[in-house]
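# A closer look at the structure
Residues per chain, in single letters:
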Amino acid sequence: MQKLELFTQAVREALPEPKNIVITNHINPDGDAVGSALALAALLQSEGHQVQVIMPNDYAANLKWLEGSDQVFIFARQQAQSEQTLAMADVIFHLDYNSLKRSGPMQEALEKASATKFVIDHHQQPEDFADALYSDTTMSSTCEMIYHFTVAMGWQSKVSLAVAEAIYLGLVTDTGNFRFASTTSATHQAAAFLLEKGVNPGTLTSRIYDSNPPARLRLLSRMLNRMEVQEELSAVILSLEAKDFEELGYEKGILEGFVNYGLSLQGIEISVLAYPGAEGVKMSFRSKTTFDVNTFARTYFNGGGHTNAAGALSPYKTLEETLSHLRKHLKDHQDEIPS
Ligand code: 5GP
Ligand code: MN
């Protein structure tokens, strides 16, 4: 049997009657995490279940138009309520992450929960904590997997416009607008289904991309001015400093997509962005073709993700230290970088 079929069977067995379900996703939830959580929540609610979405921390303002956004618990802000809901849950879904460490402040509460645990995720190297796992690293997004899961459950007729928009959000954002190598014919078939449900691509993408504060462009300008091009490594190193945010402004999600600008240069394979955040120095890694940034981020910076897109919270205290380790490790791997 296919792994989706096995997973679907396990979900059916766990949900023979209305249950208390919690849906969770990773720290700093992105479009794919938020979209998949709210889509699955609405689908399960339409099946008669009691569903609560709990996210580790808050997400970007340009994603708050999603239906159900106002019902989400933010663990970092509503800890007692979230802990109680997790403890009472019959079933917990973990979407867009595959290691409890990625749930940040929620990790302990998730470890303690006695619920049946289901994972739907497209990142590499899944950890073994769930009762059933639908993991597929060839998928463009967790939202694409939610679409396949919806079809496998026979729920196509339950996909409302709001659910279709939530799934489409993850497709668009995780594929860089249907550009990245992870975009397949199946991704486009999922998109076609969602358009048939009424999604308007122009309106939806405008909600995501045309609602920026001026600070975003000012920070972008600062970052591009400071860009470090390492031609012999086919790499671009991008950075922003604490004083840039003090001077120009900062809000959650304001740097979304910045790291991709490095890849737009001819002959560049790798782009890395580093900047100091509330939890330490945050890093984003992207590659165009064969350089495996998941392994690189995992090996040197305690991070992870996918072959062409990974992230990390730097183990080094300062931006300067982080950047000097980055330069050194890239140089060590020069042989593997296609030029
Ligand atoms: P981003 O650079 O957009 O934050 O993340 C790129 C990809 O790497 C996403 O799929 C994200 O889930 C993953 N990622 C980001 N930060 C971390 C991290 O600290 N650890 C791990 N394992 N994955 C991360
Ligand atoms: Mn994702």
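Everything quoted here is computed from the prediction, not taken from an experiment. (Residues numbered from 1 in each chain as written. Chains lettered and ligands numbered in written order. Predicted model: local features only at pLDDT ≥ 70, side-chain atom pairs only at ≥ 80, totals over all residues. Heavy atoms only, no water.)

Around ligand 1, the structure places 14 residues, and the nearest of them are H123, K282, S284, R286 and G304. Note that an oxygen atom of ligand 1 is positioned 3.0 Å from one of the side-chain N or O atoms of R102. Separating an oxygen atom of ligand 1 from a side-chain N or O atom of H123 is a distance of 2.6 Å. In isolation ligand 1 has 490 Å² of accessible area, and contact with the protein removes 80% of it. At the level of secondary structure, the elements contributing two or more residues to the shell around ligand 1 comprise β10 (280-287), β11 (304-305) and β12 (309-313). Examining the composition of the shell around ligand 1, we find that five residues originate from one element, β12, more than from any other. When its residues are assigned to classes, the shell around ligand 1 shows four nonpolar, seven polar and three charged. (Near = heavy atom within 4 Å. Polar contact = N/O pair within 3.5 Å; in protein donor to acceptor, adjacent residues only side chain to side chain. Areas by Shrake-Rupley, 256 points an atom, 1.4 Å probe, with all protein chains shown as cover. Helix = DSSP H or I, 4+ residues; strand = E, 2+ residues; numbered from the N terminus. Nonpolar A, V, L, I, M, F, W, Y, C, P; charged D, E, K, R; others polar.)

Along its 16 residues, helix α2 (residues 31-46) runs 22 Å from first to last C-alpha, staying within 8% of the 22 Å computed at 1.5 Å per residue. Of the residues trailing α2, G48 is marked for its positive phi of about 95°. (Expected span 1.5 Å × (residues − 1).)

To continue, consider the packing of aromatic side chains. As enumerated under the stated definition, the model contains 15 aromatic pairs in all. The positively charged end of R207 is found above the aromatic ring belonging to W65, 4.6 Å away from the centroid. (Phe/Tyr/Trp six-rings, centres within 6.5 Å; stacked < 30°, edge-to-face > 60°. Lys NZ or Arg CZ within 6 Å of the ring centre and 35° of its normal.)

Let us now look at the environment of T184. By the secondary structure assignment, T184 is in the loop between α6 (161-174) and α7 (185-196). Owing to a relative accessible area of 32%, T184 belongs among the partly exposed residues under this scheme. (Buried < 20%, exposed > 50% of the residue type's maximum accessible area, 1.4 Å probe, protein only.)

Attention now goes to the nonpolar core. Grouped together as the largest cluster of nonpolar side chains are 54 residues, with contacts concentrated most on F7, I23, L40, L44, F93, I120 and F149. In contact with F149, not counting residues within four places along its chain, are L4, F7, T8, V11, L40, I120, Y134 and W155. In terms of nonpolar packing, the next biggest core, distinct from the first, is built from 21 residues, F285, F296, A310 and L326 among them. (Core = buried A, V, L, I, M, F, W, Y, C linked by side-chain atoms within 4.5 Å. Contact = heavy atoms within 4.5 Å.)

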